[in-house]
Amino acid sequence: MRRADRLFEIVQVLRGARLRTAQEIADTLEVSVRTVYRDIDALVATGVPIEGERGVGYVLRGTLLLPPLAFSQAELEGLALGARFVEAWADPELAAAVREALVKIDAVLPESRRGEIWRDAVQVNSPALIGAANAQLALFRKAIRQKRKMQLNYRSASEALTERTIRPLAIEAWGHAWTATAWCELREDFRMFRLDRVMEAKMLDAIFRPEPGRTLADYLKQLREERSHQGKTS
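Since the structure is predicted, the reported quantities are computational estimates derived from the model, not experimental observations. (Residues numbered from 1 in each chain as written. Predicted model: local features only at pLDDT ≥ 70, side-chain atom pairs only at ≥ 80, totals over all residues. Heavy atoms only, no water.)

Attention shifts here to the side chain of Asp91. Assignment of secondary structure puts Asp91 in the loop between α4 (73–89) and α5 (92–107). Among the polar contacts listed, one links the side chain of Asp91 to the side chain of Arg141, at a separation of 3.0 Å. (Helix = DSSP H or I, 4+ residues; strand = E, 2+ residues; numbered from the N terminus. Polar contact = N/O pair within 3.5 Å; in protein donor to acceptor, adjacent residues only side chain to side chain.)

Shown next, in the form of structure tokens:
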């Protein structure tokens, strides 16, 4: 991440008038605490109203000279609805992140509109997905982000148990389950795995690099070609 982008992200993390420790900020941005200290000193030196001290935490006071964000009522309802879907279907880390995003959006709305995003006019009820807990979702997201191979103990629809080493490429929500699209080293082909059938998952140290024929773009191209062929033969 470029330093300019990192400085902007620190300001965004501090929005919402909640005390943040340097360690929290460092974990969010995946940098060292020392880097956070340096960046906050640089922001304060430029006039950003950050208060706090090392070892205690930091908070953004006052307002920055940024125009308030203008959202229509429908846009706010759409953001709130999307956040509730994430809370219902995603892992706790992602649910917490989307709540923090709403706090930041609410903080930069015009004063007359603040609080609208928290109204409960649109609800999401999905007890089946909440009950499943999606225990593996956060690990899959991290592996995709870091391009790390994974080892799975997987139970198929026919109840067969196999051990797979995969290159995770994407995750998909289907309304009743999450799946992961991956390159499977056992089958030497693309495979889609239902996360609720993953008995155990471990992220390996091995990093995978994009290789022709094994990328997400290759998988999507393959799907398009298959659908085009089916359309011609139907």
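Next comes the rest of the write-up.
This structure, assessed with the given rule, holds 4 aromatic pairs. For the pair Tyr154 and Phe193, a centre-to-centre distance of 5.0 Å together with 85° between the ring planes defines the contact as edge-to-face. Remark: Phe193 occurs in strand β6 (residues 189–194) and Tyr154 occurs in strand β3 (residues 148–155); sequence separation between them is 39 residues. When sorted by exposure, Tyr154 lands in the same class as Phe193, which is buried. (Phe/Tyr/Trp six-rings, centres within 6.5 Å; stacked < 30°, edge-to-face > 60°. Buried < 20%, exposed > 50% of the residue type's maximum accessible area, 1.4 Å probe, protein only.)

Residue-level pLDDT values for the protein chain average 85, and 88% of them are 70 or greater. Within the protein chain, helix α6 (residues 127–132) has the poorest average pLDDT of any element, 50, and β3 the best, 96. (pLDDT = per-residue confidence, 0-100.)

Two measures define how a pair of helices packs: the angle their axes make with one another and the distance between the axes. With their axes 10 Å apart at the nearest point, helix α1 (residues 3–14) and helix α3 (residues 33–45) run at an angle of 80° to one another. The angle between the axes of α1 and α3 places the two elements in the roughly perpendicular class. Residues Arg3, Arg6, Leu7, Ile10 and Val11 of α1 touch α3, and the partners they reach there are Thr35, Arg38, Asp39, Ile40, Ala42 and Leu43. Of the residues assigned to the contact of α1 with α3, the class counts are 6 nonpolar, 1 polar and 4 charged. (Axes fitted to C-alpha atoms, helices over the stretch in contact; angles between N-to-C directions. Parallel < 35°, antiparallel > 145°, perpendicular 65-115°, else oblique. Contact = heavy atoms within 4.5 Å. Nonpolar A, V, L, I, M, F, W, Y, C, P; charged D, E, K, R; others polar.)

This part is about the pairing of strand β1 (residues 50–53). Here 4 bridges tie β1 to strand β2 (residues 57–60), and the two strands are oriented antiparallel to one another. Across the sheet, the residue bridging to Glu53 is Gly57, located in β2. A loop of 3 residues connects β1 with β2, the two strands running antiparallel in sequence, and Gly55 in this loop sits at a positive phi of about 90°. (Pairing = 2+ DSSP bridges.)

Side chains carrying opposite charge are able to pair once their charged atoms draw close together. Per the stated rule, a full pass over the model turns up 18 salt bridges. Here Glu211 and Arg167 are joined by a salt bridge, their closest N and O atoms 3.3 Å apart. Placement of Glu211 in the loop between β7 (198–207) and α8 (216–233) and of Arg167 in strand β4 (residues 161–173) is noted, with a sequence separation of 44 residues between them. A salt bridge links Asp196 to Arg194; its shortest N-O distance comes to 2.7 Å. (Salt bridge = Lys/Arg side-chain N within 4 Å of Asp/Glu carboxyl O.)

Now for the layout of surface pockets. The computed volume of the largest pocket comes to approximately 560 Å³. What lines the largest pocket is a set of 15 residues, among which Asp27, Thr28, Glu93, Ala96 and Ala97 lie closest to the centre. For the lining of the largest pocket, the secondary-structure elements that each account for two or more residues are α2 (22–29), α5 and α7 (137–146). Considering each element in turn, the lining of the largest pocket owes the most residues, 7 residues, to α5. Classifying every residue of the lining of the largest pocket by side-chain character gives 5 nonpolar, 1 polar and 9 charged. (1 Å grid on protein atoms, 1.4 Å probe; cavity = no way out; pocket = protein on both sides within 12 Å on 5 of 7 lines; lining within 4 Å. Points joined across faces, edges and corners; volume = space filled by probe spheres on them.)

In spatial order, the strands read β6-β5-β4-β3-β7; together these 5 strands make up an open sheet with antiparallel pairing. Unpaired on one side and paired on the other, β6 and β7 mark the two borders of the sheet. The sheet shows a mean angle of 45° between the axes of neighbouring strands, direction not considered. As judged from the 6 bridges shared by β3 and β7, these two strands associate in the antiparallel manner. Bridging from a neighbouring strand, Arg148 pairs with Ile207 of β7.

Since one α-helical turn is 3.6 residues long, residues separated by three or four positions face the same way. What α2 keeps buried is the set Ala22, Ile25, Ala26 and Leu29. Axial view of α2: buried residues confined to an arc of 100°, hence all on one face. Opposite the packed face of α2, turned more than 90 degrees from it, sit the exposed residues Asp27 and Thr28. On the buried face of α2, the contacting elements are α1, α3 and β2. Once α2 ends, the next one or two residues include Glu30, with phi positive near 60°. (Arc of directions from axis to C-beta.)

Ranked by size, the top nonpolar core spans 20 residues in total, and within it Phe140, Met150, Leu152, Ile166 and Phe193 carry the most contacts. Residue assignment for this core shows that the elements contributing at least two residues are α4, α7, β3, β5 (178–184) and β7. Ranked by residue count, the leading element in this core is β5, at 4 residues. Filtering out sequence-adjacent residues up to four positions away, Met150 remains in contact with Leu139, Phe140, Ala143, Arg164, Thr165, Ile166, Pro168, Ala201, Lys202, Met203 and Leu204. With 17 residues, the next largest nonpolar core counts Ala22, Leu29, Leu43 and Tyr58 among its residues. (Core = buried A, V, L, I, M, F, W, Y, C linked by side-chain atoms within 4.5 Å.)

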